[in-house]
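Summary of the model geometry
So the chains spell out like this:
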Amino acid sequence: MSELHALLREFDTAMLVTMTPEGLMRGRPMEIQEPAELMDCDLWFVTEDEAAKTGEITREHHVAVCCYRPRDRAYISISARATVERNEEKIRSLWKPSWKAWLPAGPTHPHAAFLKLYVERAEYWEPEGGRLRVLYEKAKALVQRRSAEDKLNPPKHI
């Protein structure tokens, strides 16, 4: 888990994917938080407890988290179980000014909640040779009418 936490520090934003009541997958950007600040989970986000995602997580605990780093086209894909926790004292103690965009009343926001994730599987892709190599392999695959996948590094399970 420490390897995943170290990698996540290099990403600012993640897409949290939940399942709607209609069975559709829905993703939304979330600000990645420092994992060590909440020790009883693997990864966490802050949100308003009346947001659609909290209801979706209450109905279906399995979620996905996807991260992308444009500078080198690296990706992280995480499968996790999620729970919603309301803890006013903890929200106040961990408060960050950037949260005000989602919790306008500040650290005493009446509907603040944590999304706590417990990682079941994580994969990391970092293309060898960076962006230029990915573009080269994609172009080469198009000309040769084959998949570029076999010429790029496979995901690393972390």
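Residues numbered from 1 in each chain as written. Predicted model: local features only at pLDDT ≥ 70, side-chain atom pairs only at ≥ 80, totals over all residues. Heavy atoms only, no water.

With respect to the pattern of salt bridges
Tallied over the full model, the rule gives 13 salt bridges. Between Arg-69 and Glu-10 there is a salt bridge, with the nearest N and O atoms lying 2.3 Å from each other. One end of the pair, Arg-69, is in strand S4 (residues 62-69); the other, Glu-10, is in the loop between helix H1 (2-8) and strand S1 (13-19), with 59 residues separating them in the sequence. Here Arg-69 falls in the buried class, since its relative accessible area comes to 4%. Residue classification places Glu-10 among the partly exposed positions, given a relative accessible area of 40%. Close ionic contact of Glu-10 with Arg-71 constitutes a salt bridge, the shortest N to O distance being 3.6 Å. With Glu-10 in the loop between H1 and S1 and Arg-71 in the loop between S4 and strand S5 (74-85), this pair connects stretches of sequence that are 61 residues apart. The network of salt bridges with shared partners includes Glu-10, Arg-69, Arg-71 and Asp-72. (Salt bridge = Lys/Arg side-chain N within 4 Å of Asp/Glu carboxyl O. Helix = DSSP H or I, 4+ residues; strand = E, 2+ residues; numbered from the N terminus. Buried < 20%, exposed > 50% of the residue type's maximum accessible area, 1.4 Å probe, protein only.)

Quick word on the packing of aromatic side chains
The description of an aromatic ring pair uses the distance of the two centres, along with the angle that the planes make with each other. A full pass over the atoms with the stated rule returns four aromatic pairs. Aromatic side chains Trp-44 and Trp-99 sit 6.0 Å apart centroid to centroid with 90° between the ring planes, which places their arrangement in the edge-to-face category. On the criterion of sequence distance, the pair formed by Trp-44 in strand S3 (residues 43-48) and Trp-99 in the loop between helix H3 (88-94) and strand S6 (112-125) is long-range, its members being 55 residues apart. Residue classification places Trp-44 among the buried positions, given a relative accessible area of 0%. (Phe/Tyr/Trp six-rings, centres within 6.5 Å; stacked < 30°, edge-to-face > 60°.)

What about the side chain of Glu-123?
By the secondary structure assignment, Glu-123 is in strand S6. Side chain to side chain, Glu-123 and Arg-121 meet in a polar contact 2.9 Å long. (Polar contact = N/O pair within 3.5 Å; in protein donor to acceptor, adjacent residues only side chain to side chain.)

Quick look at the confidence of the model for the chain
Per-chain confidence: the chain averages 87 in pLDDT, with 85% of residues scoring 70 or above. When mean pLDDT is compared element by element in the chain, helix H2 (residues 52-59) scores highest at 97, while helix H4 (residues 130-144) scores lowest at 60. (pLDDT = per-residue confidence, 0-100.)

Concerning the side chain of Lys-116
The topology assignment puts Lys-116 in strand S6. In terms of polar contacts, Lys-116 uses its side chain to reach the side chain of Glu-85, at 2.6 Å. Those residues in contact with Lys-116 that lie beyond four places of it in its chain are Leu-38, Asp-40, Cys-41, Leu-43, Trp-44, Arg-81, Ala-82, Thr-83 and Glu-85. (Contact = heavy atoms within 4.5 Å.)

Points about the environment of Thr-108
As for its placement among the helices and strands, Thr-108 is situated in the loop between H3 and S6. A residue is classified by how much of its surface remains accessible, and Thr-108, at 55% relative accessible area, is exposed. C-alpha of Thr-108 to C-alpha of Glu-88: the two residues are 20 residues apart in sequence and 7.2 Å apart in space.

Details of the nonpolar core
Core analysis: the biggest nonpolar cluster contains 24 residues, and Leu-16, Phe-45, Val-65, Ile-76, Ile-78 and Leu-117 have the highest contact counts within it. Excluding anything up to four places from it in sequence, Ile-76 contacts Leu-4, Leu-7, Leu-8, Phe-11, Val-65, Cys-66, Cys-67, Glu-123 and Tyr-124. One finds Leu-38, Trp-44, Leu-94 and Trp-99 within the second-largest nonpolar core, a separate group that totals ten residues. (Core = buried A, V, L, I, M, F, W, Y, C linked by side-chain atoms within 4.5 Å.)

Observations concerning the environment of Trp-44
Along the chain, Trp-44 and Tyr-118 lie 74 residues apart, while their C-alpha atoms are 8.8 Å from each other. Aside from chain neighbours lying at most four places away, what touches Trp-44 is Gln-33, Glu-34, Pro-35, Glu-37, Leu-38, Leu-94, Trp-99, Phe-114, Leu-115 and Lys-116.

Some thoughts on unusual backbone geometry
Phi angles above zero are rare outside glycine, and Arg-73 is one such case at about 60°. Note that Arg-73 resides in the loop between S4 and S5.

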